[in-house]
Amino acid sequence: MCLAVPGKVLEITEENGLAMGLIDFAGTRNKACLTYTPEAGVGDFVIVHAGFALQVLNEEEAAASLKELGRLAEFMEKDKT
Amino acid sequence: MKYLDEFRDPELAKGLLEEIRRTVTQPWTIMEICGGQTHAIMRFGIDQLLPPEITLVHGPGCPVCVTPLETIDRALAVAARENVIFTSFGDMLRVPGSRDDLFRVKSRGGDVRMVYSPLEAVKLARENPGKEVVFLAVGFETTAPGNAMAVKQAAAEGLTNFSEIVSHVLVPPAMEAILSSPDNLVQGFLAAGHVCTIMGWDEYEPIAARYKVPIVPTGFEPVDILEGILKTVRLLEKGTPGVENQYLRLVREEGNPVARAVVNEIYEVCDRKWRGIGMIPRSGLRIRDELAAFDAEKKFRVEGIVTEEPEVCIAGEILQGLKKPHECPAFGKECTPRTPLGATMVSSEGACAAYHKYSRKGLS
């Protein structure tokens, strides 16, 4: 049930006093409430669960993690031979 | 999909698996807390790729599974009333109570509707002033902020026809219940990454210290899970329990304080029954007394409905990591996803349902 999906904020509007975002999930667009991520701007990635953005995705951390894991994979491959 | 596909890269997964194989020197039992992680482990076959020293056991992190029968029975009693629009996330609709489920109430004419966000239930209340709109608020710390905001928003708009049946549960008390059991097998945890987006990892530090276990907030993609396992195994092998974050792109130490403030404004901590496990002190959330007008159990006077759990399956032992689904004699026979006998077969994220779907019976 704690399924949460990353998506890109396309636009920010206000509905009934709450900040709402139009979010692009790889081509599928849906609305999510942005009240818990006031720092989220257009172009940011947020993680969305049950209609609410819970956190802004740290793209630098994501890139750093992938780079480090890539180095590990490369090292393991070389080390085998 | 960006930020999902990269974390499913088979080359990265291979590198991690190789490093896990090189690091492990003795048997370890690790529990993944979240049902979403259990599902991913089965779907991607991670349990079958790990070295034999590592045993993954599946935790209680499936809110649909652990929602007590009593709450379902109370929800059914409210949903069957005239003039009520009963709303719920989709996965709660087919959960059986003692004699019924929400789908059957709907088929008999009850106005039961699935919502994607709790704010949709508030919208229904706004658009149907002559009806009572009730939302079944279940979930862990991940879901509580949205469900709390629905009450806050209804109060701000002066909607008197919106209320919630709240059966929220909290992760750390369940971890402590598992660790303090004399039969406990769990030596390390993959903590549920999305719970930690809200809660951070402050609360895990004292648990890691008291029970001398590693706790690693972990994401949900195969590369995340393998990296979480690697971090846990490294801490276990080094004998240095503690908290180490795997889910760096989304989990910060402080979590999301803005969301937690709203949860604390609307809900308060209470004792909570867990389906299959029983009462765990201070393991749940309920609506604060001053907001009782939004508490559907009080509003519709269903608090008197008390249901005892039948002793028909081993879900409690599975939820505590003591047994695996295929060790149950009813698994795949009397008990299937269409005819679930207990908590862990009820939801698609339950360990028994995941084993059934991915045909793990007889493989291990």
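Structure report, in brief.

Parameters at a glance
Residues numbered from 1 in each chain as written. Chains lettered and ligands numbered in written order. Predicted model: local features only at pLDDT ≥ 70, side-chain atom pairs only at ≥ 80, totals over all residues. Helix = DSSP H or I, 4+ residues; strand = E, 2+ residues; numbered from the N terminus. Rg over C-alpha atoms; globule rule 2.2 N^0.38 Å. Buried ≥ 20, exposed ≤ 12 C-beta atoms within 10 Å, placed from the backbone. Core = buried A, V, L, I, M, F, W, Y, C linked by C-beta atoms within 7 Å. Contact = placed C-beta atoms within 7 Å. Nonpolar A, V, L, I, M, F, W, Y, C, P; charged D, E, K, R; others polar. Pairing = 2+ DSSP bridges. Axes fitted to C-alpha atoms, helices over the stretch in contact; angles between N-to-C directions. Parallel < 35°, antiparallel > 145°, perpendicular 65-115°, else oblique. Left-handed = near helix turned anticlockwise from the far one by under 90°.

## Brief notes about the overall build of chain A
Looking only at helices and strands, chain A features one helix and five strands. The secondary structure elements of chain A, listed N-terminal to C-terminal, are β-β-β-β-β-α. Here the C-alpha atoms of chain A give a radius of gyration of 17 Å, more than 25% beyond the 12 Å that 2.2 N^0.38 yields for 81 residues. The principal-axis extent of the C-alpha atoms belonging to chain A is close to 60 × 25 × 20 Å. Here chain A, with 81 residues, has 37% of them falling under the buried criterion.

## Re the nonpolar core
Nonpolar side chains tend toward joint burial in soluble globular proteins. Core analysis: the largest hydrophobic core is formed by 144 residues, its most contacted members being Val46 and Ala53 of chain A together with Ala79, Ala121, Phe189, Ala191 and Ala192 of chain B. When residues in this core are grouped by element, the largest group, eight residues, is from helix α12 (residues 222-238) of chain B.

## Digging into the interface of chain B and chain A
Of the residues lining the interface, 47 residues belong to chain B; the matching set on chain A comes to 33 residues. Contributions of two or more residues to the side of chain B that touches chain A are made by α1 (10-23), α2 (35-43), α4 (63-66), α7 (118-127), α8 (144-156), α10 (193-199), α12 and α13 (257-266) of chain B. Among the elements that make up the side of chain B that touches chain A, the one with the highest residue count is α1 of chain B (seven residues). For the side of chain B that touches chain A, the class distribution of residues is 25 nonpolar, 12 polar and 10 charged.

## Quick notes on the sheet that holds strand β10 (residues 278-287) of chain B
Residues and elements named next belong to chain B. Strand order across the open sheet formed by six strands is β4-β3-β5-β6-β10-β9, with mixed pairing between neighbours. Strand pairing shows two members of the sheet lacking a second neighbour, β4 (111-114) and β9 (267-274), which therefore form its edges. For this sheet, the mean angle separating the axes of adjacent strands, direction not counted, is 25°. Pairing of strand β3 (residues 84-88) with β4, which is carried by four bridges, proceeds in the parallel orientation. Across the sheet, residue Phe86 finds its bridge partner in β4, namely Val112. Of the strands in this sheet, β5 (132-139), β6 (162-169), β9 and β10 are in contact with α8, which crosses β6 at around 155°.

## Examining the pairing of strand β8 (residues 215-218) of chain B
Residue and element names in this part refer to chain B. Residues Ile215 and Pro217 of β8 are buried on one face, and the alternating residues Val216 and Thr218, pointing to the opposite face, are buried as well. Taken together, the four bridges between strand β7 (residues 188-192) and β8 define a ladder with parallel strand orientation. Opposite Leu190, over in β8, you have Val216 as the bridge partner.

## Notes on the sheet that holds β8 of chain B
Residue and element names in this part refer to chain B. Reading across from one edge, β2-β1-β7-β8 is the order of the four strands in this open sheet, with parallel pairing throughout. Since the sheet does not close on itself, it has two edges, and those belong to β2 (54-61) and β8, each with one partner. Here the average twist between neighbouring strands, direction ignored, is 25°. Alignment of strand β1 (residues 28-34) against β7, held across three bridges, turns out to be parallel. What sits directly across from Ile30, in β7, is Gly188.

## Digging into the packing of α7 of chain B against α8 of chain B
All names here are of chain B. Their axes nearest at 8 Å, the elements α7 and α8 cross at an angle of 25°. On the basis of the axis angle, α7 is roughly parallel to α8. Note on packing geometry: the crossing formed by α7 with α8 is right-handed. Counting all contacts with α7, which are made through Pro118, Leu119, Ala121, Val122 and Ala125, the residues of α8 involved are Gly146, Asn147, Ala150, Gln153 and Ala154. Of the residues belonging to the contact of α7 with α8, the class tally is seven nonpolar, three polar and no charged.

## Section: the packing of α8 of chain B against α13 of chain B
Residues and elements named next belong to chain B. Look at α8 against α13: their axes get within 8 Å of each other, and the N-to-C directions meet at 55°. By the angle between their directions, the pair α8 and α13 is classed as oblique. In this structure, the crossing between α8 and α13 has a hand that is left-handed. Judged by residue contacts, Ala144, Pro145, Ala148, Met149, Val151 and Lys152 of α8 engage Ala259, Val262, Val263, Glu265 and Ile266 from α13. Across the contact of α8 with α13, the residue classes break down as nine nonpolar, no polar and two charged.

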